[in-house]
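What follows is each chain in one-letter form.
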Amino acid sequence: MAAGSHSNTGEERAANPGQSEANRRLKYISLAVLVVQNASLILSIRYVRTLPGDRFVATSAVVMAEVLKVLTCLLIILLQKRCSLKDTFVFLLDSILFQYKDTLKLAVPSLIYTLQNNLQYIAISNLPAATFQVTYQLKILTTALFSVMMLRKSLSRVQWVSLLLLFAGVAIVQVQQEGNKEASVANDSDQNYTVGLVAVVISCLSSGFAGVYFEKILKGSSASVWMRNVQLGVFGTALGLLGLWWNDGAAVAERGFLFGYTDMVWCVIFNQAFGGLLVAVVVKYADNILKGFATSFSIVVSTVMSVYLFGFHVDLLFSAGAGLVIGAVYMYSLPKAPGGALCPSSSSSSSASSEPPRAAGGGGELEAFLPKCAGKEKGS
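Quick caveat, the model's predicted, so the values are computed rather than measured. (Residues numbered from 1 in each chain as written. Predicted model: local features only at pLDDT ≥ 70, side-chain atom pairs only at ≥ 80, totals over all residues. Heavy atoms only, no water.)

Is there a simple way to explain the overall build of the protein chain in this structure?
A count of helical and extended segments in the protein chain gives 14 helices and zero strands. When the helices and strands of the protein chain are read in sequence order from the N terminus, they spell out α-α-α-α-α-α-α-α-α-α-α-α-α-α. Counting every position in the protein chain, which comprises 380 residues, the buried fraction comes to 48%. Pairs at least 24 residues apart make up 85% of the contacts formed inside the protein chain by residues separated by at least 6 positions. (Helix = DSSP H or I, 4+ residues; strand = E, 2+ residues; numbered from the N terminus. Buried < 20%, exposed > 50% of the residue type's maximum accessible area, 1.4 Å probe, protein only. Contact = heavy atoms within 4.5 Å.)

Structure below.
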């Protein structure tokens with residue numbers, strides 16, 4: 001037995017270096033994916049919404065993204081059922097119709113996510129991409145506050161300090177933009193800075209509430225993330241169509257649903273549709289600190305690209321505000337130890353995010369992806 005035990009230990013040691021190297025590569029691949037997805041979505045939306053010529057209807061793009069999400073999740077469920085159409089149909093029928101009370105719980109977050117997606121188009125259409133990226137980090141503040149109120153979560157002192165720094169950083173950026181408002185909207189009469197700011201603030205509030213509400217639902221349910229995203233997508237598509245009819249019904253009836261769609265617009269829609277699902281998958285391999293780096297680095301990328309693409313002006317005040325936000329995001333992402341202190345980075349390579357990973361544009365918490373910090377489960 002002793003010999004067998006020593007043999008197994010030797011085999012594990014031999015396997016560990018290769019496995020460790022593979023995990024390290026996956027982490028940095030995840031980091032790159034998160035950075036590209038975060039930065040490219042905002043920059044691409046800003047680009048297509050400021051191009052001259054016929055402009056596509058934003059509400060139709062939201063509906064199209066929801067449809068693509070549903071189809072993708074249905075395909076994943078079909079693969080999980082070993083491509084059995086009968087088993088997949090029975091599973092969907094039971095999960096969506098027979099358990100209709102459970103399905104109806106998703107109506108609230110779905111309504112909020114649909115509103116949030118439309119508000120993002122409004123905000124990015126009226127704000128510089130870099131300003132939106134910085135200001136949108138207020139969703140960390142709203143998510144944290146709703147988590148404390150609704151889920152009774154506790155935050156460490158460092159996290160509270162980081163939230164104060166976050167708010168201060170966003171405030172500095174807004175002061176800078178207020179003093180340079182004409183340049184921030186590129187002298188375009190179609191853009192309204194106040195409308196964009198109100199839209200991004202409401203989007204942050206809705207993102208925080210919907211994320212925490214969805215997390216609460218998932219914690220009391222055994223349904224998979226993919227099934228939940230199908231339920232969200234069904235409501236989201238219906239609500240999106242209602243919003244399209246209410247706000248742009250006449251324009252769509254006259255010009256068509258796909259009016260103004262170019263290859264770049266389709267890229268934006270695919271990015272929005274699959275970005276959240278992709279992040280939900282790769283976040284399995286990315287720890288908290290890497291996700292903090294990804295968000296922070298995407299702000300830098302968005303700012304640099306905005307200078308080249310849109311002539312965005314970066315001054316000392318904006319740099320100071322953005323720097324505070326980047327630092328705050330990184331500080332908040334540090335995982336808590338059981339005693340309230342922060343886990344050292346060397347032991348946090350598999351720790352969970354303070355903000356739950358989300359799929360489908362705001363998705364939900366992936367319980368299977370939430371490891372422990374210092375041997376103790378994170379409190380809820």
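Sorry, what's going on with the environment of Thr 262 here?
Looking at where Thr 262 falls in the secondary structure, it is placed in the loop between helix H11 (225–255) and helix H12 (263–282). Here the alpha-carbon distance between Thr 262 and Arg 55, two residues 207 residues apart in the chain, equals 9.8 Å.

I keep staring at the side chain of Thr 103 and nothing clicks. Help me out?
For Thr 103, the location among the structural elements is in helix H4 (residues 100–104). You can call Thr 103 buried: its relative accessible area is 7%. Here the side chain of Thr 103 touches Ile 96 through a polar contact of 2.9 Å, landing on its backbone oxygen. Residues within four places of Thr 103 in sequence aside, it is in contact with Ser 95, Ile 96, Gln 231 and Phe 235. (Polar contact = N/O pair within 3.5 Å; in protein donor to acceptor, adjacent residues only side chain to side chain.)

Just to check I follow, could you spell out helix H10 (residues 193–219) for this structure?
Every α-helix winds through 3.6 residues per turn, so residues three or four apart in the chain are directed the same way. Over its 27 residues, H10 extends 39 Å from the first C-alpha to the last, a length consistent with the 39 Å expected when each residue adds 1.5 Å. Measuring from the side-chain oxygen of the N-cap residue of H10 to the backbone nitrogen of Thr 194 gives 3.1 Å; that N-cap residue is Asn 192. (Expected span 1.5 Å × (residues − 1).)

What am I meant to see in the packing of helix H5 (residues 107–126) against H10 here?
Packed helix pairs are specified by the crossing angle of their axes together with the interaxial distance, meaning the distance between the axes. Where H5 meets H10, the axes come as close as 8 Å, and the angle between the chain directions of the two elements is 155°. Judged on the interaxial angle alone, H10 and H5 are roughly antiparallel. For the element pair H5 and H10, the recorded crossing hand is left-handed. Its residues assigned to classes, the contact of H5 with H10 shows 17 nonpolar, eight polar and no charged. (Axes fitted to C-alpha atoms, helices over the stretch in contact; angles between N-to-C directions. Parallel < 35°, antiparallel > 145°, perpendicular 65-115°, else oblique. Left-handed = near helix turned anticlockwise from the far one by under 90°. Nonpolar A, V, L, I, M, F, W, Y, C, P; charged D, E, K, R; others polar.)

Hey, could you run me through the nonpolar core in this one?
Nonpolar side chains in soluble globular proteins tend to end up buried together. Core analysis: the largest hydrophobic core is formed by 48 residues, its most contacted members being Tyr 121, Phe 132, Leu 163 and Ile 269. The contacts of Tyr 121, once residues within four sequence positions are left out, are Ile 45, Arg 49, Phe 56, Ala 58, Ala 61, Val 62, Val 268 and Gln 272. Ranked by size, the runner-up nonpolar core spans nine residues in total, among them Ile 112, Phe 214, Ile 217 and Leu 218. (Core = buried A, V, L, I, M, F, W, Y, C linked by side-chain atoms within 4.5 Å.)

Explain H11 here, please?
For H11, with 31 residues, the first-to-last C-alpha span of 37 Å runs short of the 45 Å given by 1.5 Å per residue. Gly 256, located one to two residues past H11, shows a positive phi value of around 105°.

Help me understand a nonpolar patch on the surface in this model?
A surface patch of nonpolar side chains, amounting to about 720 Å² of accessible area, comprises Phe 297, Val 300, Val 304, Met 305, Val 307, Tyr 308, Leu 309 and Val 314. You can see Phe 297 is positioned in helix H13 (residues 288–310). Under the relative-accessibility criterion, Phe 297 is labelled partly exposed at 47%. (Patch = residues over 30% accessible without salt bridge, like charges linked within 9 Å, V, L, I, M, F, W, Y side chains within 5 Å. Areas by Shrake-Rupley, 256 points an atom, 1.4 Å probe, with all protein chains shown as cover. Salt bridge = Lys/Arg side-chain N within 4 Å of Asp/Glu carboxyl O.)

How do you make sense of the confidence of the model for the protein chain when you look at a structure like this?
Do not read the predicted coordinates in detail wherever pLDDT is low. On average, the protein chain scores 76 in pLDDT, and the residues at 70 or more come to 74%. Here helix H9 (residues 181–184) stands out as the least confident element of the protein chain, with mean pLDDT 50; helix H2 (residues 58–80) is the most confident, with 91. A low-confidence stretch, residues 9–15 (pLDDT under 50), is modelled with zero contacts involving residues beyond four sequence positions or located in other chains. Low pLDDT (under 50) marks residues 340–380, which in the prediction has 99 contacts with non-local residues, meaning those over four places away or in another chain. (pLDDT = per-residue confidence, 0-100.)

Looking at this model, I keep getting lost on the side chain of Gln 174. Mind explaining?
Mapped onto the elements of the fold, Gln 174 is located in helix H8 (residues 157–179). Look past the residues within four positions of Gln 174 in its chain and what remains in contact with it is Thr 131, Thr 135, Tyr 193 and Leu 197.

I would appreciate a short explanation of the packing of aromatic side chains in the present structure.
For any pair of aromatic rings, the description rests on two quantities: the centre-to-centre distance and the angle between the ring planes. On inspection of all chains with the given rule, the structure shows 10 aromatic pairs. Centre to centre, the rings of Phe 56 and Tyr 121 are 6.1 Å apart; their planes meet at 80°, and the pair counts as edge-to-face. Residue Phe 56 is found in the loop between helix H1 (2–50) and H2, and its partner Tyr 121 is found in helix H5; the two are separated by 65 residues along the sequence. Neither residue differs from the other here; Phe 56 and Tyr 121 are each classed as buried. Centre to centre, the rings of Trp 266 and Phe 270 are 6.3 Å apart; their planes meet at 55°, and the pair counts as tilted. On the criterion of helical spacing, the pair formed by Trp 266 and Phe 270 is a turn pair, its members being four residues apart in helix H12. We note Arg 49 situated over the ring of Phe 56; from NZ or CZ to the ring centre the distance is 4.9 Å. For Lys 81, the ring lying beneath its charged end belongs to Phe 91, and the centroid distance is 4.3 Å. (Phe/Tyr/Trp six-rings, centres within 6.5 Å; stacked < 30°, edge-to-face > 60°. Lys NZ or Arg CZ within 6 Å of the ring centre and 35° of its normal.)

I'm lost on the pattern of salt bridges in this one. Help?
Any two side chains of opposite charge can pair, on the condition that their charged atoms come close. According to the stated counting rule, one finds one salt bridge in the structure shown. Of the charged contacts in the structure, one is a salt bridge between Glu 66 and Lys 69, with a shortest N-O distance of 3.4 Å. One end of the pair, Glu 66, and the other, Lys 69, are both in helix H2, three residues apart, so they sit about a helical turn from each other. Owing to a relative accessible area of 6%, Glu 66 belongs among the buried residues under this scheme.

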